[in-house]
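Residue-level structural notes
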Amino acid sequence: MTITPTVPERAAAQAYLRLVETARAVLSDPGLAPLAAVHLASPMAEADEALRRAGLSGNEARLLRLAAGLREGTAPGPREGTEPGARGDLASEPS
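Residues numbered from 1 in each chain as written. Predicted model: local features only at pLDDT ≥ 70, side-chain atom pairs only at ≥ 80, totals over all residues. Heavy atoms only, no water.

Next up on the list: the overall build of the chain. Along the backbone of the chain there are three helices and zero strands. Moving toward the C terminus, one meets the helices and strands of the chain in the order α-α-α. Residues classed as buried in the chain amount to 34% of the 95 residues present. Of the contacts made within the chain by residues no fewer than 6 positions apart, 74% connect residues no fewer than 24 positions apart. (Helix = DSSP H or I, 4+ residues; strand = E, 2+ residues; numbered from the N terminus. Buried < 20%, exposed > 50% of the residue type's maximum accessible area, 1.4 Å probe, protein only. Contact = heavy atoms within 4.5 Å.)

In C-alpha cells form, the structure reads like this:
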C-alpha cells in the first residue's frame, strides 16, 4: 500500500530520519557518545516539533510507515492541496 504524505507529514518523517542518522553517528563514535545529549538535543527538538505540527504525536505507526517510504524512495509527493503555502503547511505558518 502506498502512503501519500501531506507536506507536514513528509517534514516530520524527514526530521525523524535526521534524528535517527544523527543518533547513529553520535552513539557509534566513542568520543561523541558521552556527549550524546548535547549532540541530540537539537534534532530531537526538531523532530518533536515536526511531529506536533503534522499531528503525528502518538501515531508512531504512521510515522514509521512514512519514514520507511521516504528511506526506500517509495513515498510519493504530498497530497493534492498540501503544496507549499497551502493551509496547514509548515511554510504557511508564521515564524
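On we go.
Let us look at the packing of helix α1 (residues 7-28) against helix α2 (residues 36-54). The geometry of α1 relative to α2 is characterised by a closest axis approach of 8 Å and an angle of 165° between their N-to-C directions. Classified by the angle their axes make, α1 and α2 are roughly antiparallel. Where α1 crosses over α2, the two elements pack in a sense that is left-handed. Counted together, P8, E9, A11, A12, A15, Y16, R18, L19, T22, A23, V26 and L27 of α1 and A36, H39, L40, P43, M44, E46, A47, A50, L51, R53 and A54 of α2 form the full contact between these two elements. Residue composition of the contact of α1 with α2, by class: 17 nonpolar, two polar and four charged. (Axes fitted to C-alpha atoms, helices over the stretch in contact; angles between N-to-C directions. Parallel < 35°, antiparallel > 145°, perpendicular 65-115°, else oblique. Left-handed = near helix turned anticlockwise from the far one by under 90°. Nonpolar A, V, L, I, M, F, W, Y, C, P; charged D, E, K, R; others polar.)

Overall, the coordinates contain six salt bridges when judged by the stated rule. In this structure, R18 and E46 form a salt bridge, with 2.4 Å as the shortest nitrogen-oxygen distance. Here R18, found in helix α1, pairs with E46, found in helix α2; they are 28 residues apart in sequence, far enough to count as distant. The shortest N-O distance in the salt bridge between E49 and R52 comes to 2.5 Å. Here the residue E49 and the residue R52 both occupy positions in helix α2, the gap between them amounting to three residues, near one helical turn. Since its relative accessible area comes to 31%, E49 is described here as partly exposed. Connected through shared salt-bridge partners, E21, R24 and R71 make up one network. (Salt bridge = Lys/Arg side-chain N within 4 Å of Asp/Glu carboxyl O.)

With that settled, consider the packing of α1 against helix α3 (residues 60-72). Where α1 meets α3, the closest approach of the two axes is 9 Å, and the angle between their N-to-C directions is 75°. The angle between α1 and α3 falls in the class roughly perpendicular. Contacts between α1 and α3 pair E9, R10, A12, A13, Q14, Y16, L17, E21 and R24 from the former with R62, L63, L64, L66, A67, L70 and R71 from the latter. In terms of residue class, the contact of α1 with α3 is made up of nine nonpolar, one polar and six charged.

Our focus in this paragraph is α2. Taking 1.5 Å of rise per residue, the 19 residues of α2 would be expected to cover 27 Å, and the 26 Å separating its terminal C-alpha atoms lies within 8% of that figure. Among all positions in α2, only A36, L40, P43, A47, A50, L51 and A54 are buried. Considering only its buried residues, α2 is in contact with α1 and α3. Where α2 ends, the next residue or the one after it, G55, has phi of about 75°, a positive value. (Expected span 1.5 Å × (residues − 1).)

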